[in-house]
Amino acid sequence: MILRNVTVDCADPYELALFWSAVTGWPVSEEDKPGDDEVLVEAPALAPGLLFIRVPEGKVVKNRLHFDWMPTERTRDDEVERIIGMGATLYEDHRTADGLGWVTLLDPEGNEFCIERSKAEREGR
């Protein structure tokens, strides 16, 4: 089996897809537009897409599933600042004095996700 998409329930699929498109650098499907009930952020080959689907109820409890992202072009801290600048909110800071750890952020609709250290940081470069 192949994991085709990860689906996220939300209030405004197009706006949330735009946020995640900016975070990941992946495009929103050309077929999707504002007001659509389903909007896809298209991932590179072999990665699942991010599918945002409109639901009537809001998020009320902690997510049972969340994304852990590892930056490829920036450090963890630079990535955290970049994403906060796009509208994410700092939720929990698990960075330690020795440079280890991760940061948990909330997307504009309150979904948790984590930013870990980059590969270069893990390798001590």
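Preceding block: the structure.
Here we summarise the structure given alongside this text. (Residues numbered from 1 in each chain as written. Predicted model: local features only at pLDDT ≥ 70, side-chain atom pairs only at ≥ 80, totals over all residues. Heavy atoms only, no water.)

### Some thoughts on the sheet that holds strand S5 (residues 89-93)
Just so we agree on the cut-off: At least two DSSP bridges between two strands are needed for those strands to be called paired. Where helices and strands are cited, they refer to DSSP runs of H or I of at least four residues and of E of at least two residues respectively, numbered from the N terminus. Structural elements are reduced to axes, namely lines fitted to C-alpha atoms, with helices fitted over the stretch in contact, and the angle between N-to-C directions of any two is expressed from 0 to 180 degrees.
Strand order across the open sheet formed by four strands is S4-S7-S6-S5, with mixed pairing between neighbours. The two strands at the open ends of the sheet, each matched to only one other strand, are strand S4 (67-69) and S5. Along the sheet, successive strands turn relative to each other by an average axial angle of 30°, direction set aside. Sheet analysis places S4 next to strand S7 (residues 112-115), joined by three bridges and oriented parallel. When the sheet's bridge partners are listed, Trp69 is paired in S7 with Ile115.

### Section: the side chain of Ser21
Put simply, the test is: For the exposure calls, accessible area comes from a 1.4 Å probe over protein chains only, and a residue counts as buried if that area is under 20% of its type's maximum, exposed if over 50%, partly exposed in between. Residue contacts are counted whenever heavy atoms from the two residues lie within 4.5 Å of one another.
Tracing the backbone through its elements, the reader meets Ser21 in helix H1 (residues 13-24). Ser21 gets classed as buried once you look at its relative accessible area, which sits at 16%. Residue contacts for Ser21: discarding those within four places in its chain leaves Trp26, Pro27, Val28 and Val41.

### Section: the pattern of salt bridges
Using the following cut-off: The salt bridge definition used is simple: a Lys or Arg side-chain nitrogen within 4 Å of an Asp or Glu carboxyl oxygen.
Throughout the structure, instances matching the rule amount to nine salt bridges. In this structure, Lys33 engages Asp36 in a salt bridge whose closest nitrogen and oxygen atoms are separated by 3.6 Å. A salt bridge links Asp37 to Arg54; the shortest N-O distance between them is 2.7 Å. Linking Asp37 in the loop between H1 and strand S2 (38-41) with Arg54 in strand S3 (residues 49-54), this pair joins segments that are 17 residues apart in sequence. What makes Asp37 partly exposed here is its relative accessible area of 47%. Taking relative accessible area as the criterion, Arg54 reaches 32% and is therefore assigned partly exposed.

### Observations concerning helix H2 (residues 76-85)
A turn of α-helix holds 3.6 residues, and therefore any two residues three or four places apart point the same way. Counted only if it meets this: Note that the arc is defined by the directions from the helix axis to the C-beta atoms.
Burial in H2 covers these residues: Arg76, Glu79, Val80 and Ile83. End-on view of H2: buried residues confined to an arc of 100°, all on one side of the axis. In H2, those exposed residues whose orientation departs by more than 90 degrees from the buried face are Glu81 and Gly85. Against H1, strand S6 (103-106), S7 and helix H3 (119-122) lie the buried residues of H2. Just downstream of H2, Gly87 is the residue with a positive phi angle, here 125°.

### What about the sheet that holds S3?
Ordered by their spatial adjacency, three strands build an open sheet running S1-S3-S2, and the pairing between neighbours is mixed. Edge positions in the sheet fall to strand S1 (5-10) and S2, since each of these pairs with one other strand and no more. Along the sheet, successive strands turn relative to each other by an average axial angle of 20°, direction set aside. In the sheet, S2 pairs with S3 via four bridges, with the strands oriented antiparallel. In the sheet register, Glu38 faces S3, and the bridge partner there is Ile53.

### Description of the packing of H1 against H2
Just so we agree on the cut-off: By the definition adopted for this analysis, an angle is roughly parallel if under 35 degrees, roughly antiparallel if over 145, roughly perpendicular if from 65 to 115, and oblique otherwise. Each helix crossing is assigned a hand: it is left-handed if the near helix lies turned anticlockwise from the far helix by less than a right angle, otherwise right-handed if that turn is clockwise.
Where H1 contacts H2, the two axes come as close as 10 Å, and the packing angle between them is 155°. Judged by the inter-axis angle, H1 sits roughly antiparallel to H2. Judged by the twist between their axes, the crossing of H1 over H2 is right-handed. Packed against H1, whose contacting residues are Phe19, Ala22 and Val23, the element H2 presents Glu79, Arg82 and Ile83 at the interface.

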